[in-house]
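Summary of structural features
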Number of protein chains: 2
Amino acid sequence: MFREQIKVLDCTIRDGGLINNHDFDKRLVREVYKAVNEAGVDYMEIGYRNSKKLFSPKEYGPWKFCDDEVIEEIVSGIEKKAKLSVMVDIGRVDMEDVKPAKDSPIDMIRVASYVKDIDKAIHMVNQFHEKGYETTINIMAISRDQGLELDEALHQIEEESKADVIYIVDSFGNLYQETVEHLVKRFKGIIKTKEVGFHGHNHQQLGFSNTIEAIIHDANYLDATIYGIGRAAGNCPLELLIGFLKNPKFDIRPILDLISNEFIPLREEIEWGYIIPYAISGMMNEHPKAAMALRSSDKKENYREFYESLINVGFGE
Amino acid sequence: MFREQIKVLDCTIRDGGLINNHDFDKRLVREVYKAVNEAGVDYMEIGYRNSKKLFSPKEYGPWKFCDDEVIEEIVSGIEKKAKLSVMVDIGRVDMEDVKPAKDSPIDMIRVASYVKDIDKAIHMVNQFHEKGYETTINIMAISRDQGLELDEALHQIEEESKADVIYIVDSFGNLYQETVEHLVKRFKGIIKTKEVGFHGHNHQQLGFSNTIEAIIHDANYLDATIYGIGRAAGNCPLELLIGFLKNPKFDIRPILDLISNEFIPLREEIEWGYIIPYAISGMMNEHPKAAMALRSSDKKENYREFYESLINVGFGE
């Protein structure tokens, strides 16, 4: 019943880092790697590789930089089954910081890009490919960028890039099953020599079901996070995805233990999940940043005013 | 873009009553009716109509009995737009308690039934129909009862019952979009003279997406609850459903206010939502009662042991 080509990528520390300045302690990151490894998950994305010339290590935790030595410390002594990934943003990475893959604990580098930056993404991804890494291009904010420019970008990726996987990223948590079906079919209609992946957000409680929908239409690379942690409402919960997939290599129990022991207490300290302002920004197809600002203010439960502030955008223009 | 035949039924107080012995205070129930009414929701289900010979009003709140006089008190002075519904269980109602519809504030009676009890359900529903009520049959635990006996029950309902709507009820939160599609098509293949409805549970965060899937395949009666309140993981959140439907008669704002003012504080007192033991019982296709017992014990976060207790059921038989 299972499809062997399916690969699950845990991005707990990478996407979760967006809500705590990438400042998880090393003990927890090691526990996550152990659990993901034991659970049979294919990849763990451990953070971003940003330039220290652009961001100060005094302001951000280690998972915004992911130095090779720090990663080596995390995984040392653990029998490595899950591959390791880092994400890079366009224009925020020092190419000299990236050693050849054979000298690094990192297996895969994922380039996050808007449609408008696809030329830059292809240029970067090809350099990482040359250095020996597996690579992906993750097209963000896809619910806003569905015009002809998307097809053009996909054709260019197919023809010019060495990326192994092209991801649909529902940054705003706006998609539902019909729009996911449309996008996966549209990607697969153009991307013939690479895999298609899906990264869902959970603003409207649709992260898991959208991931299932992507599976149904043959996307093979699937992102998820433990207990759904991640920016704003968070992501597709890894435990639900593993519970759904039938491949016997997966074992949900190490993930259940990690939630019991680490993520239930962590959720008391930092906030993610089903929270009304994120649901509103999802249904309005807006970036969650306004909702995140609201949640840090003393109006955090004032949903009506927030809703009205979004529906009134653009009136009178 | 909207489908006029779609009717939304709020069952906040009825399904939510399963987690607090039906003991919401009257002030809150009146606030819910006001908000649902203003939001353009078509029906509000206010509770169960159970016999006081079987259950004591000392042990349960008023929404387990839904006396006509109590309902009249709740809605008095409010311009009534949303119709009122109560639910009955097989063998738990005194037929003499049910006045003719013209003498009651209740508009609709919904009969909850397992497939095996369908003869009794038809018998009851036809009596309610004779008394002038709109009626439904809600087939519970459908994820466990998908054999030939389901088709037989549906044929019998189509031929013998006066029910207006036949509901698919995913009591265990086990369905996902492919199984919802299958069931709605199967129901609609047999049920030609009545509407089909859907009542989802949210154990695996699929309550809302399953409701969307039911809409896609032409189910027209949709249940939801405010902030997803309901037994175990709860139900499809009403605010998400209204945000999704395009009918201009809906206004999400009264529901947002009610969540801000009432349901955020209520959630501190009683528990529902995304909770791992409910997710496990959903993926295992089990009734949530074992998970509910776990959540009331001192092992409430011991997920591994709970998971193993379910996978070991039946071994060695």
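**Here we look at the overall build of chain A**
Scanning chain A for helices and strands turns up twelve helices and eight strands. Principal-axis analysis of the C-alpha atoms gives chain A an extent of 55 × 50 × 45 Å. Residue burial in chain A is summarised as follows: out of 317 residues, 49% are buried.

**Let's talk about the relation of the copies chain B and chain A**
In screw terms, the move from chain B to chain A is a rotation of 180° and a rise of 0.0 Å along the axis, fitting with an RMSD of 0.0 Å. Such a combination of turn and shift is consistent with a two-fold rotation axis. An overlap of 97% is found between the interface residues of chain B and their copies at the interface of chain A, pointing to a shared contact surface.

**Notes on the pairing of strand β3 (residues 83-89) of chain B**
Residues and elements named next belong to chain B. Most of β3 is tucked away: five of the seven residues are buried. Taken together, the five bridges between strand β2 (residues 43-48) and β3 define a ladder with parallel strand orientation. When the sheet's bridge partners are listed, Met44 is paired in β3 with Leu84. For the crossover from β2 across helix α3 (residues 68-75) to β3, the handedness is right-handed. With five bridges connecting them, β3 and strand β4 (residues 108-113) associate as parallel partners. Looking at β4, one finds that Asp89 is bridged to Ala112.

**Overview of the sheet that holds strand β6 (residues 165-169) of chain B**
Strand order in the closed barrel made by the eight strands is β1-β2-β3-β4-β5-β6-β7-β8 (chain B), with parallel pairing throughout. Ignoring which end each strand starts from, the neighbouring axes of this sheet average 25° apart.

**Focus on the packing of helix α2 (residues 26-39) of chain B against helix α9 (residues 253-269) of chain B**
Residue and element names in this part refer to chain B. Packing of α2 against α9 brings their axes to within 8 Å, and their N-to-C directions diverge by 155°. Here α2 is positioned roughly antiparallel relative to α9, judged by the angle of their axes. Residues Leu28, Glu31, Val32, Ala35, Glu38 and Ala39 of α2 form the contact with α9, whose participating residues are Pro254, Ile255, Asp257, Leu258 and Glu262. Counted by class, the contact of α2 with α9 contains seven nonpolar, no polar and four charged residues.

**Observations concerning the sheet that holds strand β1 (residues 7-10) of chain A**
Residues and elements named next belong to chain A. One closed barrel accounts for eight strands, arranged β1-β2-β3-β4-β5-β6-β7-β8; its pairing is parallel. In this sheet, neighbouring strand axes are inclined to one another by 25° on average, regardless of whether the strands run parallel or antiparallel. Taken strand by strand, helix α6 (residues 177-190) contacts β6 (165-169) and β7 (195-199), and its axis lies near 155° from that of β6.

**Comments concerning the interface of chain B and chain A**
The interface of chain B with chain A comprises 31 residues on the first partner and 30 residues on the second. Taken together, the elements giving at least two residues each to the side of chain B that touches chain A come down to α6 (177-190), α7 (207-216), α8 (238-244), α9, α10 (276-283) and α12 (303-311) of chain B. For the side of chain B that touches chain A, the element with the most residues is α9(B), which contributes six residues. A per-class count over the side of chain B that touches chain A returns 16 nonpolar, eight polar and seven charged.

**Some details on the domain arrangement of chain A**
When the parts of a complex come together, some accessible area is lost, and that lost area is often taken as the interface size. Residue and element names in this part refer to chain A. Along its sequence, chain A is organised into domain 1 (7-269) and domain 2 (276-311). Distance between the C-alpha centres of domain 1 and domain 2: 25 Å. With ten residues of domain 1 at the interface, the matching set in domain 2 holds eleven residues. Class assignment for the residues of the side of domain 1 that touches domain 2 results in three nonpolar, five polar and two charged.

**As for the confidence of the model for chain A**
Predicted coordinates in regions of low pLDDT should not be interpreted in detail. The share of residues in chain A with pLDDT of 70 or more is 98%, and the mean pLDDT across the chain is 96. Two summary scores accompany this predicted model of the complex, namely pTM at 0.97 and ipTM at 0.96.

**A short note on the nonpolar core**
A:Leu241, A:Ile255, B:Ile168, B:Leu241 and B:Ile255 are the most contacted members of the largest nonpolar core, which totals 197 residues. In contact with B:Leu241, other than residues within four places in its own chain, are B:Val8, B:Phe208, B:Thr211, B:Leu222, B:Ala224 and B:Cys236.

**Details of helix α4 (residues 118-130) of chain A**
All names here are of chain A. Taking 1.5 Å per residue, 13 residues should reach 18 Å; α4 reaches 18 Å between its end C-alpha atoms and fits that length. For α4, the full list of buried residues reads Ile118, Ala121, Ile122, Met124, Val125 and Phe128. The elements touched by buried residues of α4 are β3 (83-89), β4 (108-113), β5 (134-139) and α5 (148-160).

**Structural notes on helix α10 (residues 276-283) of chain A**
Within α10(A), eight of the eight residues are buried, which leaves it mostly tucked inside the rest of the structure. Those residues of α10(A) not exposed but buried are A:Ile276, A:Pro277, A:Tyr278, A:Ala279, A:Ile280, A:Ser281, A:Gly282 and A:Met283. Check the buried side of α10(A) and you find it contacts α11 (289-295) and α12 (303-311) of chain A together with α8 and α9 of chain B.

Thresholds, definitions, all that
- Residues numbered from 1 in each chain as written.
- Chains lettered and ligands numbered in written order.
- Predicted model: local features only at pLDDT ≥ 70, side-chain atom pairs only at ≥ 80, totals over all residues.
- Helix = DSSP H or I, 4+ residues; strand = E, 2+ residues; numbered from the N terminus.
- Buried ≥ 20, exposed ≤ 12 C-beta atoms within 10 Å, placed from the backbone.
- Least-squares fit on C-alpha atoms with pLDDT ≥ 70 in both.
- Contact = placed C-beta atoms within 7 Å.
- Pairing = 2+ DSSP bridges.
- Right-handed = clockwise from strand over helix to strand, strands pointing away.
- Axes fitted to C-alpha atoms, helices over the stretch in contact; angles between N-to-C directions.
- Parallel < 35°, antiparallel > 145°, perpendicular 65-115°, else oblique.
- Nonpolar A, V, L, I, M, F, W, Y, C, P; charged D, E, K, R; others polar.
- Domains from an automatic or database assignment.
- pLDDT = per-residue confidence, 0-100.
- Core = buried A, V, L, I, M, F, W, Y, C linked by C-beta atoms within 7 Å.
- Expected span 1.5 Å × (residues − 1).

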